[in-house]
Structures are given as structure tokens and as C-alpha cells.
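Close look at the chain arrangement
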Amino acid sequence: LTFRDLLIFVTDAQHLFLDIYSYIDWVLVAQPRTTFGVCHEVNLGWMGGFTQSSDICEKLFCAGVPAWYVQCKRIHTPTNDGC
């Protein structure tokens, strides 16, 4: 086992741990906040996420998750319809 192999193993394990931790955090903390219909204060300890769906952006916002709504830039000319 070389140092490079060990480094790849450690980074993969860290990635898996962070994925599991974020999923548990979502299920136990953020997801229950989306079912009540009231908006909560934003938790600045969370990284947040980007979305192109206004419904998902609203759910994240109400759950207190930092969210960025991504829209395409629409330029309307006589020859195109935007995006």
C-alpha cells in the first residue's frame, strides 16, 4: 500500500462520512422544518445549495437552509425565445 493509495482511501472515507453526516442532518433537522409551513431563521452553519426549481428553493428557504435560485439569462430577440 503506497502513500498515494492511502491518501485516496482516506479522502474517499472522508467524502463518505460527510455525505452520511449531511444526510442525517437533513433528515433530523431540516426536513421536519419543511412540513410545518412556517419559515425558520437561516442556519449559517450549513453550506446550502443551488437549485433551478422555485419550489425546492422555497422549501430550503423555509427550512432555514441557505439557498440560491439559479435562473438562465433570457434575452428575447425577434429570432429566439430566450433560453
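Look a little higher up for the structure.
Residues numbered from 1 in each chain as written. Predicted model: local features only at pLDDT ≥ 70, side-chain atom pairs only at ≥ 80, totals over all residues. Heavy atoms only, no water.

Across its full length, the protein holds 2 helices and 2 strands. For the protein, the N- to C-terminal ordering of α and β elements is α-β-α-β. When each of the 83 residues of the protein is scored for burial, the buried share is 14%. The contacts of the protein with a sequence gap of at least 6 include a subset with a gap of at least 24, amounting to 20%. With an accessible surface of roughly 7,200 Å², the protein has 63% of that area assigned to carbon and sulfur atoms. (Helix = DSSP H or I, 4+ residues; strand = E, 2+ residues; numbered from the N terminus. Buried < 20%, exposed > 50% of the residue type's maximum accessible area, 1.4 Å probe, protein only. Contact = heavy atoms within 4.5 Å. Areas by Shrake-Rupley, 256 points an atom, 1.4 Å probe, with all protein chains shown as cover.)

Let us look at the packing of aromatic side chains. Under the definition given, this model contains 2 aromatic pairs. Between phenylalanine 17 and tyrosine 21 the ring centres are 6.2 Å apart and the planes differ by 25°, which places this aromatic pair in the stacked class. With phenylalanine 17 and tyrosine 21 both in helix H1 (residues 3–34) and 4 residues apart, the pair spans about one turn of that helix. Neither residue differs from the other here; phenylalanine 17 and tyrosine 21 are each classed as exposed. (Phe/Tyr/Trp six-rings, centres within 6.5 Å; stacked < 30°, edge-to-face > 60°.)

This part takes up the nonpolar core. With 5 residues, the main nonpolar core is built from Ala30, Trp46, Leu60, Ala63 and Val65. If we ignore the near neighbours within four places in the chain, the residues touching leucine 60 are Trp26, Val65 and Ala67. (Core = buried A, V, L, I, M, F, W, Y, C linked by side-chain atoms within 4.5 Å.)

This part is about the packing of H1 against helix H2 (residues 54–63). The interhelical angle for the contact between H1 and H2, taken along N-to-C directions, is 110°, at an axis separation of 7 Å. With respect to H2, the element H1 is oriented roughly perpendicular. Mapping the contact onto sequence places Trp26, Ala30, Arg33 and Thr34 in H1 and Lys59, Leu60, Cys62 and Ala63 in H2. Here the contact of H1 with H2 is built from residues that sort into 5 nonpolar, 1 polar and 2 charged. (Axes fitted to C-alpha atoms, helices over the stretch in contact; angles between N-to-C directions. Parallel < 35°, antiparallel > 145°, perpendicular 65-115°, else oblique. Nonpolar A, V, L, I, M, F, W, Y, C, P; charged D, E, K, R; others polar.)

The grouping of Leu16, Ile20, Tyr23, Ile24, Trp26, Val27 and Leu28 at the surface amounts to a nonpolar patch, some 690 Å² of accessible area in total. Following the sequence through the fold, tyrosine 23 ends up in helix H1. (Patch = residues over 30% accessible without salt bridge, like charges linked within 9 Å, V, L, I, M, F, W, Y side chains within 5 Å. Salt bridge = Lys/Arg side-chain N within 4 Å of Asp/Glu carboxyl O.)

Moving on: the layout of surface pockets. Size it by volume and the largest pocket reaches roughly 400 Å³. Taken together, 14 residues line the largest pocket, and the ones lying closest to its centre are Ser22, Asp25, Trp46, Met47 and Gly48. If you tally residues by element for the lining of the largest pocket, the top one is H1, at 7 residues. Taken together, the residues of the lining of the largest pocket sort by class into 8 nonpolar, 4 polar and 2 charged. (1 Å grid on protein atoms, 1.4 Å probe; cavity = no way out; pocket = protein on both sides within 12 Å on 5 of 7 lines; lining within 4 Å. Points joined across faces, edges and corners; volume = space filled by probe spheres on them.)

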